[in-house]
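# Geometric and topological summary
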Amino acid sequence: MKFVTKSLIAGFVLTAGVAFASEATEPTVKARQDLMDTIAMNTKVLGEMAGGKTAYDAAAATAAKDALVAASAEIGAKFEPQATDPKTKAKAEIWTNWDDFLKKATALNAAATALDASSAETIGAGMGAVGGACKDCHSTYQM
Ligand code: HEC
């Protein structure tokens, strides 16, 4: 069961990696995509340690957790201006359901804050909630 969870995390992290670099040029859209890339990068660091793909490193794990907490706290500010770009994948529903979008951003921040970075096992235990928060928002608000 534990192993299945780890495989799912690894698969999720891979998918997130493929989605990198949509490269919008409109500055507001680019800034929110860059924020998402920062979120994805740090999630990947944690996911790879949890899955045993990289060795557990306490300093790197703590730095990735802290970066994820900080970046997820910025989602609201970066997405609030309704800018667009031919390369955006943000659905217009974000701004018509703004409170729900914010709730999903807060859920990621809470999952990242609750994540215990003190071992690969504890990271693994917290990654389901983190990955679930990404998926919950993307499935509703990402094209
Ligand atoms: C509250 C909603 C929300 C949450 C939570 C969220 N995302 Fe996103 N994400 C989006 C939206 C919306 C876009 C599309 C942005 C755009 O293209 O303008 C996006 C885009 C992305 C992109 C593509 C960035 C690019 O360069 O185009 C990646 C990668 C990504 N998210 C990863 C993640 C990961 C990993 C998590 C969880 C750890 C996560 N996201 C959590 C809403 C969210």
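Everything here concerns the structure above.
Here goes a summary of the coordinates provided. (Residues numbered from 1 in each chain as written. Predicted model: local features only at pLDDT ≥ 70, side-chain atom pairs only at ≥ 80, totals over all residues. Heavy atoms only, no water.)

## Here's the deal with the site of the ligand
Which entries qualify depends on this criterion: Neighbouring residues are identified by heavy atoms, a residue being near a molecule or strand if any of them is within 4 Å of it. In the analysis that follows, any N or O atom pair within 3.5 Å is treated as a polar contact, provided that within protein one partner can donate a hydrogen and the other can accept it, and provided that, for residues neighboring in sequence, both atoms belong to side chains. Helix and strand definitions follow DSSP, with helices as H or I runs of at least four residues and strands as E runs of at least two, each counted in order from the N terminus. Three categories are distinguished: nonpolar for Ala, Val, Leu, Ile, Met, Phe, Trp, Tyr, Cys and Pro, charged for Asp, Glu, Lys and Arg, and polar for the others, with Gly belonging to the last.
Near the ligand lie 28 residues; those nearest to it are Met36, Thr88, Cys134, Cys137 and His138. A distance of 3.1 Å separates an oxygen atom of the ligand from a polar atom in the side chain of Asp37. For the ligand, a nitrogen atom lies 2.8 Å from a polar atom in the side chain of His138. Contributing elements (two or more residues each) for the shell around the ligand: helix H2 (27–50), helix H6 (98–114) and helix H7 (120–141). Ranked by the residues each element gives to the shell around the ligand, the list is headed by H2, at eight residues. When grouped by side-chain class, the residues that make up the shell around the ligand number 18 nonpolar, six polar and four charged.

## Regarding the packing of H2 against helix H3 (residues 58–73)
Defined as follows: Fitted lines through C-alpha atoms give the axes, limited to the stretch in contact for helices. The angle between two N-to-C directions lies from 0 to 180 degrees. Convention used here: angles under 35 degrees read as roughly parallel, angles over 145 as roughly antiparallel, angles from 65 to 115 as roughly perpendicular, and any remaining angle as oblique. In this scheme the crossing of two helices becomes right-handed for a clockwise turn of the near helix relative to the far one and left-handed for an anticlockwise turn of less than a right angle. In this description, contact between two residues means that some pair of their heavy atoms is separated by no more than 4.5 Å.
Where H2 meets H3, the axes come as close as 9 Å, and the angle between the chain directions of the two elements is 150 degrees. The orientation of H2 relative to H3 falls into the category roughly antiparallel. Once H2 is placed against H3, the crossing between them reads as left-handed. Residues Leu35, Thr38, Ile39, Asn42, Thr43, Val45, Leu46 and Met49 of H2 form the contact with H3, whose participating residues are Ala60, Ala61, Ala64, Lys65, Ala67, Leu68, Ala71 and Ser72.

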